[in-house]
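Coordinates in review
Listed here are the chains, written in short residue letters.
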Amino acid sequence: MGETEYTIGAVVREPGSTRRNKTGRWRVFRPVLDEEKCVGCAKCFMFCPDGCIRPTEDGFEIDYDYCKGCGICSKVCPTDAIEMVMEEEAE
Amino acid sequence: MGGRKPRLPIPEEELLAPGHRACAGCGSALCVRLCLKALGKNTIVVTSTGCIEVTTTPYPETAWKVPWIHVAFENAAAVASGVERALKALGKDDVTVAVFAGDGGTVDIGFQALSGMVERGHNVVYICYDNEAYMNTGVQRSGATPPYAATTTTPAGKVWRGEMRPKKDVPRIMVDHGVPYVATACVSFPQDLIKKVKKAKKVDGPAYVHVLCPCPPGWGYDSSETIEIGELAVETGMWVLYEVEDGEFRLTYRPKERKPVEEYLKRQKRFQHLTEDEIEEIQRMVDEQWEELEKLAEK
């Protein structure tokens, strides 16, 4: 913490600045989306505690910079379109 | 998916940034993310000390994309009262003031401030994210810990069988305070939760929403099972979804057939020590509570 310059009242002026901290490093299992199987129900989007699943023009994308690999998306998917794969094997 | 933009059942905009330090699969972080979608951008948030405070604001960072303030453990409701009065004095009537406080910050440490806030009738949406113990300090029991749950301060042994006191029923206490809108919710039912927070926002006066938020490390289950565990809480009747509008009670979800409580209890480490007799006793308590609520719903 030696480098930190403290603001009066510990005010933080940059909204959403935890984005600097890429929690994707925590991940052991990576959710991999099979777009063929996806029916677009948006359950994965609704239930992600980290807001890492975003709608795109033609489906969903997973933000691996922040996904902690909890596996909720894979569990709630009604068509098993999201598979949890060991991180080393996915790379 | 066949090349079209998916239709979303809940608002798209994210007001809680990723990178926060909540555990993988955190029910409380999901609760905040969903509630913010209902509250919208024009909101000032007050948070008491707790999991959400420490995980979303590791100085000098913040996960919040709305103005946010933390003062202490016991006074989120008092701070929110002040923020609301200041906005009133400034003539700003289009800003929502919301509190996010855990069960510790609500049913124990922050209780007097909450009681005062609703007694004075401040126009604040108070959301309790209930993970049923003091989780970020290492799973110590709170007044919201359910009977028989093992925590680090109520370990299961021969004499003590986990938590030996009933779960403090703060939603009901809020109803008795005359709060115009009181609701219970669970993160496993996001559309119901969002609907209730939207209603709470519209109320002129205090509104209280109590949200059950499963906690993987504290309750002892795999991080992928948060939604399933919450669903089981509701499907077994261990947690009941209802709302009370101007004193009028309404069940907002009725399980088609209530599942045995065992299906909920067996999935969690905190209940692993339970004997068949003890599970039966919990079943009896849930049956009695359900009967009571059914009567209320019929009135």
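Refer to the structure above for everything that follows.
Cut-off values and rules
Residues numbered from 1 in each chain as written. Chains lettered and ligands numbered in written order. Predicted model: local features only at pLDDT ≥ 70, side-chain atom pairs only at ≥ 80, totals over all residues. Heavy atoms only, no water. Helix = DSSP H or I, 4+ residues; strand = E, 2+ residues; numbered from the N terminus. Rg over C-alpha atoms; globule rule 2.2 N^0.38 Å. Buried < 20%, exposed > 50% of the residue type's maximum accessible area, 1.4 Å probe, protein only. Areas by Shrake-Rupley, 256 points an atom, 1.4 Å probe, with all protein chains shown as cover. Patch = residues over 30% accessible without salt bridge, like charges linked within 9 Å, V, L, I, M, F, W, Y side chains within 5 Å. Salt bridge = Lys/Arg side-chain N within 4 Å of Asp/Glu carboxyl O. Lys, Arg positive; Asp, Glu negative; His and termini not counted. Charge placed at Lys NZ, Arg CZ, Asp CG, Glu CD. Phe/Tyr/Trp six-rings, centres within 6.5 Å; stacked < 30°, edge-to-face > 60°. Lys NZ or Arg CZ within 6 Å of the ring centre and 35° of its normal. Axes fitted to C-alpha atoms, helices over the stretch in contact; angles between N-to-C directions. Parallel < 35°, antiparallel > 145°, perpendicular 65-115°, else oblique. Left-handed = near helix turned anticlockwise from the far one by under 90°. Contact = heavy atoms within 4.5 Å. Nonpolar A, V, L, I, M, F, W, Y, C, P; charged D, E, K, R; others polar.

This brings us to the overall build of chain B. A tally of helices and strands in chain B yields 11 helices and eight strands. Since a compact globule built from 299 residues should have a radius of gyration of about 19 Å, the 19 Å found for chain B is in line with a globular shape. Taken over the C-alpha atoms alone, chain B extends approximately 60 × 45 × 45 Å along its principal axes. Burial statistics for chain B: of 299 residues in total, 58% are counted as buried. Summing over all exposed atoms, chain B offers an accessible surface of approximately 12,600 Å²; the carbon and sulfur share of this is 51%.

Attention shifts here to a negative patch on the surface. Taken together, the side chains of Glu-35, Glu-36, Glu-57 and Asp-58 of chain A make up a negatively charged region of the molecular surface. Under the relative-accessibility criterion, Glu-57 of chain A is labelled exposed at 59%.

Here we come to the packing of aromatic side chains. Scanning the model with the defined rule gives nine aromatic pairs over all chains in all. Arranged with centres 5.4 Å apart and planes meeting at 10 degrees, the rings of Tyr-6 of chain A and Tyr-59 of chain B form a pair that is stacked. Taken together, the positions of Tyr-6 of chain A in the segment before strand 1 (29-33) and Tyr-59 of chain B in the loop between helix 2 (51-56) and strand 2 (68-70) put the pair across two chains. Put simply, the rings of Trp-64, Trp-68 and Phe-100 of chain B pair up and form one aromatic cluster. Sitting over the face of the ring of Phe-111 of chain B, Lys-168 of chain B holds its NZ or CZ atom 5.6 Å from the ring centroid.

A few words on the packing of helix 1 (residues 27-39) of chain B against helix 7 (residues 190-202) of chain B. Residue and element names in this part refer to chain B. Where helix 1 meets helix 7, the closest approach of the two axes is 8 Å, and the angle between their N-to-C directions is 45 degrees. Between helix 1 and helix 7, the crossing angle belongs to the class labelled oblique. At the point where helix 1 passes helix 7, the crossing takes the right-handed sense. Contacts between helix 1 and helix 7 involve Leu-34, Cys-35, Ala-38 and Leu-39 from the first element and Pro-190, Leu-193, Ile-194, Val-197, Lys-198 and Lys-201 from the second. Across the contact of helix 1 with helix 7, the residue classes break down as eight nonpolar, no polar and two charged.

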